[in-house]
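Breakdown of the fold
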Amino acid sequence: MKISCDVIRDLLPLYYDNVCSEDSKILVEEHLEQCESCREELKKFDIEIKYNTVNLEDGKAMKKIAKAWKQDKAKAFTKGVTITSLLMSVMCLVMFNVIGSEVLEDGTLVEPFILIPLFYLFAFIALISGISLFFISKYRAKQG
């Protein structure tokens, strides 16, 4: 019995996945022995499957790179906050001492008092971000 190539091409995906009935399988194999164009069509399934597998692996690699980049970005931000806070706290102390304080004739004390709480604020931020940086580094080392 002669079956058209269109029917066989409809059955090729099922044949390739090995989910067609035994009769359909025999029918497709008999046709493939005689028809070069259908054999070429079957070979295309192998190529498509291989390309899809490669794309899947590339996607997984890209996700891994993106995750590492995001973690490095967070670590770099935390380092920046720590260093900036330390510098600002030191600068507050230096400015307090450079500006100094003086007592006016009427007995009032004039000093840049605002620099003291700012020093404590920046020192606290530096401490918290430094601790965060430590834990980020430990977590990263444990993961990878």
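Residues numbered from 1 in each chain as written. Predicted model: local features only at pLDDT ≥ 70, side-chain atom pairs only at ≥ 80, totals over all residues. Heavy atoms only, no water.

**Some details on the UniProt feature "domain: DUF3955" (unreviewed entry) in the chain**
The sites that UniProt annotates as "domain: DUF3955" (unreviewed entry) are residues 81-133. Structurally, residues 81-133 comprises 72% helix and 8% strand, and the distance from its first C-alpha atom to its last is 10 Å. (UniProt positions renumbered as here; feature names shortened; annotations may be inferred. Helix = DSSP H or I, 4+ residues; strand = E, 2+ residues; numbered from the N terminus.)

**Some details on the UniProt feature "transmembrane region" (unreviewed entry) in the chain**
The UniProt feature table records "transmembrane region" (unreviewed entry) at residues 80-100 and 112-136. Regarding residues 80-100, the helix share stands at 95% and the strand share at 0%, and the terminal C-alpha atoms are separated by 30 Å. Helix and strand shares over residues 112-136 are 88% and 0% respectively, and the end C-alpha atoms of the span are 37 Å apart.

**Quick notes on unusual backbone geometry**
Trans is the common state for peptide bonds, and a negative phi is the common state for residues other than glycine. In this model, N18 sits at a positive phi of 60 degrees, which is unusual for a non-glycine residue. Note on placement: N18 falls in the loop between α1 (5-17) and α2 (22-34).

**So, the packing of α1 against α2**
Put simply, α1 and α2 touch, their axes get as near as 10 Å, and they point 120 degrees apart. Classified by the angle their axes make, α1 and α2 are oblique. Here the hand of the crossing between α1 and α2 comes out left-handed. Of α2, the residues touching α1 (which contributes C5, I8, L11, L12 and Y15) are K25, L27, V28, E29, H31 and L32. Residue classes in the contact of α1 with α2 are distributed as eight nonpolar, one polar and two charged. (Axes fitted to C-alpha atoms, helices over the stretch in contact; angles between N-to-C directions. Parallel < 35°, antiparallel > 145°, perpendicular 65-115°, else oblique. Left-handed = near helix turned anticlockwise from the far one by under 90°. Contact = heavy atoms within 4.5 Å. Nonpolar A, V, L, I, M, F, W, Y, C, P; charged D, E, K, R; others polar.)

**Some thoughts on the state of the cysteines**
Here, the word disulfide means a covalent bond between the sulfur atoms of two cysteines. In the structure shown here, the tally under the stated rule is zero disulfides. The thiol of C20 is unpaired, and the distance to the nearest cysteine sulfur, on C38, comes to 14 Å. On the accessibility criterion, C20 (17% relative accessible area) is buried. No disulfide involves C35; its sulfur sits 3.5 Å from that of C5, the nearest cysteine. (Disulfide = S-S within 2.5 Å. Buried < 20%, exposed > 50% of the residue type's maximum accessible area, 1.4 Å probe, protein only.)

**Some points on the packing of aromatic side chains**
Inspection of every chain in the model, using the stated rule, returns two aromatic pairs. The interplanar angle of 70 degrees and the centroid separation of 5.4 Å between the aromatic rings of F134 and F135 together place this pair among those described as edge-to-face. F135 sits in the exposed class, given a relative accessible area of 54%. (Phe/Tyr/Trp six-rings, centres within 6.5 Å; stacked < 30°, edge-to-face > 60°.)

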